[in-house]
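# Fold and contact review
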Protein chains: 2
Amino acid sequence: MNPSEAMFSKNAGLTGLPGYALRRAANAMMADLAGRLASIDLRISDSAVLQVIGERTDMTSSEIGKVLEIQRANMAPLLDRLESAQLIRREPIDRKSQAVVLTQHGLEQLATIRRVVLEFEEDLMARIPARHRPHFLPALRALMD
Amino acid sequence: MNPSEAMFSKNAGLTGLPGYALRRAANAMMADLAGRLASIDLRISDSAVLQVIGERTDMTSSEIGKVLEIQRANMAPLLDRLESAQLIRREPIDRKSQAVVLTQHGLEQLATIRRVVLEFEEDLMARIPARHRPHFLPALRALMD
DNA sequence: CCACAATGCTATGTAATATAGCAAAAATAC
DNA sequence: GTATTTTTGCTATATTACATAGCATTGTGG
């Protein structure tokens, strides 16, 4: 079934449309992941930030933002939150920039995050029938730019 | 590349994770569609509601909500907005329920919506490499429930 | 008939994302 | 080396989707 078939057949409703299905699947996935992260008091975007600064210790706020497509304006309160929770520290690089680095507690939480996220990702893939599975990520990446 | 490979290789960053890629793809898609619908002053969820009541003229607010997974509480302001825009009317069924029906203007807008959405869906599918394309919707539907 | 469920709704909160603007510092162009 | 432009980090605020709690009324099944 292609989009125009889906639009004019009332069988599947809007769920026959890939764009609509994409939205619904993403919502369900986000709710699932948010639930899993709630137990460690983190939001989805918090965990994404912690994951990227887990690799490098010299990333600035705007670099993190570029990687995750989070705008500078939104990074500020996000990092404030992580700093209040003692998960990160801001360390001056020069008089303008600052590195965002994990604290000890942040490093410990990151281990948990990695476990939770990995399990989540595996559960997600497991729900996709095997023959479609290898095509899923490549298709998404084509849509991401 | 499977999730655990992706989590511990810094090549792809988080975009190697299907869940993260799903979120990013959905965001990009939503922004695109929202932009296309902005020209006719509609939100994505507005257009979804108009599309479902285009098929039947006897749906109540809560039935629409069930189909689209929009909660009753959120249907009220949404329908208010569509009613102010003269796109729908609420017609009493009994003293409790009411049918949500398209006005003449709503019917005209629906034609535009269908055109815009169909074009959007086709553009979306066109961005996915052909070999992955047939697997995309089935995979998403497996994740939706 | 009466307990229970459904309907439509208000009020409110949360999360992700967006825009506009700003001061200071750094990078660059000349 | 000074001048212009860009970058950085930030505040304030708005938008959109979605969530929870509660409520009065009405319909329905035992």
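A few words now on the overall build of chain A. The secondary structure content of chain A amounts to 7 helices and 2 strands. Going residue by residue from the N terminus, the α and β elements of chain A occur as α-α-α-α-α-β-β-α-α. Against the compact-globule benchmark of 15 Å for 145 residues, chain A has a radius of gyration of 19 Å, which places it well outside the compact range. Seen through its C-alpha atoms, chain A measures out along the principal axes to roughly 60 × 30 × 25 Å. Counting every position in chain A, which comprises 145 residues, the buried fraction comes to 48%. In chain A, 44% of the contacts between residues at least 6 apart in sequence involve partners at least 24 apart. With the model as given, the accessible surface of chain A reaches about 7,500 Å², and the carbon-plus-sulfur share is 49%. Mean positive and mean negative side-chain charge positions of chain A (19 and 18 charges, respectively) differ by 5 Å.

All names here are of chain A. By the assigned domains, chain A splits into domain 1 (1-39) and domain 2 (42-120). A C-alpha centroid distance of 30 Å is found between domain 1 and domain 2. Tallying the contact residues gives 8 residues for domain 1 and 7 residues for domain 2. Roughly 750 Å² of surface becomes buried between domain 1 and domain 2 when both sides are summed, with 77% attributable to carbon and sulfur atoms. Three residues stand out in domain 1 for area buried against domain 2, namely Leu 33, Arg 36 and Leu 37, and they jointly supply 75% of the buried area on that side. Our enumeration of links across domain 1 and domain 2 arrives at 0 salt bridges. Taken together, the links from domain 1 to domain 2 amount to 1 residue pair in polar contact (both at pLDDT 80 or more). Split by residue class, the side of domain 1 that touches domain 2 holds 6 nonpolar, no polar and 2 charged.

Let us now look at the packing of helix 3 (residues 44-53) of chain B against helix 6 (residues 104-127) of chain B. All names here are of chain B. Where helix 3 meets helix 6, the closest approach of the two axes is 10 Å, and the angle between their N-to-C directions is 115 degrees. Judged by the angle between their axes, helix 3 and helix 6 are roughly perpendicular. Judged by the sense of rotation from one axis to the other, the crossing of helix 3 with helix 6 is left-handed. Only Leu 110, Ile 113 and Val 117 of helix 6 make contact with helix 3, whose side of the interface consists of Ser 47, Leu 50 and Gln 51.

Here we come to the interface of chain B and chain A. Each partner contributes to the interface: chain B provides 56 residues, whereas chain A provides 56 residues. Here chain B packs against chain A, burying approximately 5,300 Å² in sum over the two surfaces, 70% of which is carbon and sulfur. Across the chain B-chain A interface, the total number found is 2 salt bridges. Measuring nitrogen to oxygen at the nearest pair gives 3.3 Å for the salt bridge that ties Arg24(B) to Glu69(A). Linking chain B to chain A there are 11 residue pairs in polar contact (both at pLDDT 80 or more).

Quick look at the nonpolar core now. Within the largest apolar cluster, 90 residues are counted, with the highest numbers of intra-cluster contacts made by Phe136(A) and Phe136(B). In this structure, Phe136(A) is in contact with Leu124(A), Met125(A), Ile128(A), Pro18(B), Leu22(B), Phe136(B), Ala139(B), Leu140(B) and Leu143(B), ignoring residues within four places of it in sequence.

For the rest of this paragraph, the subject is the protein's contact with DNA strand D. Around DNA strand D there are 22 residues in total, and Asn27(A), Ser62(A), Arg72(A), Lys96(A) and Arg95(B) lie nearest to it. One of the backbone N or O atoms of Gln98(A) is found 2.9 Å from a phosphate oxygen in DNA strand D. Note that a base oxygen of DNA strand D is positioned 2.9 Å from one of the side-chain N or O atoms of Lys96(B). Those elements that place two or more of their residues in the surface near DNA strand D are helix 2 (18-38), helix 4 (61-68) and helix 5 (72-84) of chain A together with helix 3 and helix 5 (72-84) of chain B. Taken together, the residues that form the surface near DNA strand D break down as 4 nonpolar, 9 polar and 9 charged.

Despite not being glycine, Glu69(A) has its phi angle at roughly 55 degrees, a positive value. Tracing the backbone through its elements, the reader meets Glu69(A) in the loop between helix 4 and helix 5.

Right, let's get into the environment of Met75(A). Residue and element names in this part refer to chain A. Relative to the elements of secondary structure, Met 75 occurs in helix 5. On the basis of relative accessible area, Met 75 is assigned to the buried category, the value being 0%. In this structure the C-alpha to C-alpha distance between Met 75 and Ser 45, which are 30 residues apart in sequence, comes to 9.8 Å. Leaving out residues up to four positions away in the same chain, Met 75 has contacts with Val 49, Ser 61, Ile 64, Gly 65 and Ile 70.

Basis of the calculations
- Residues numbered from 1 in each chain as written.
- Chains lettered and ligands numbered in written order.
- Predicted model: local features only at pLDDT ≥ 70, side-chain atom pairs only at ≥ 80, totals over all residues.
- Heavy atoms only, no water.
- Helix = DSSP H or I, 4+ residues; strand = E, 2+ residues; numbered from the N terminus.
- Rg over C-alpha atoms; globule rule 2.2 N^0.38 Å.
- Buried < 20%, exposed > 50% of the residue type's maximum accessible area, 1.4 Å probe, protein only.
- Contact = heavy atoms within 4.5 Å.
- Areas by Shrake-Rupley, 256 points an atom, 1.4 Å probe, with all protein chains shown as cover.
- Lys, Arg positive; Asp, Glu negative; His and termini not counted.
- Charge placed at Lys NZ, Arg CZ, Asp CG, Glu CD.
- Domains from an automatic or database assignment.
- Buried area = accessible area lost by both parts, 1.4 Å probe.
- Salt bridge = Lys/Arg side-chain N within 4 Å of Asp/Glu carboxyl O.
- Polar contact = N/O pair within 3.5 Å; in protein donor to acceptor, adjacent residues only side chain to side chain.
- Nonpolar A, V, L, I, M, F, W, Y, C, P; charged D, E, K, R; others polar.
- Axes fitted to C-alpha atoms, helices over the stretch in contact; angles between N-to-C directions.
- Parallel < 35°, antiparallel > 145°, perpendicular 65-115°, else oblique.
- Left-handed = near helix turned anticlockwise from the far one by under 90°.
- Core = buried A, V, L, I, M, F, W, Y, C linked by side-chain atoms within 4.5 Å.
- Near = heavy atom within 4 Å.

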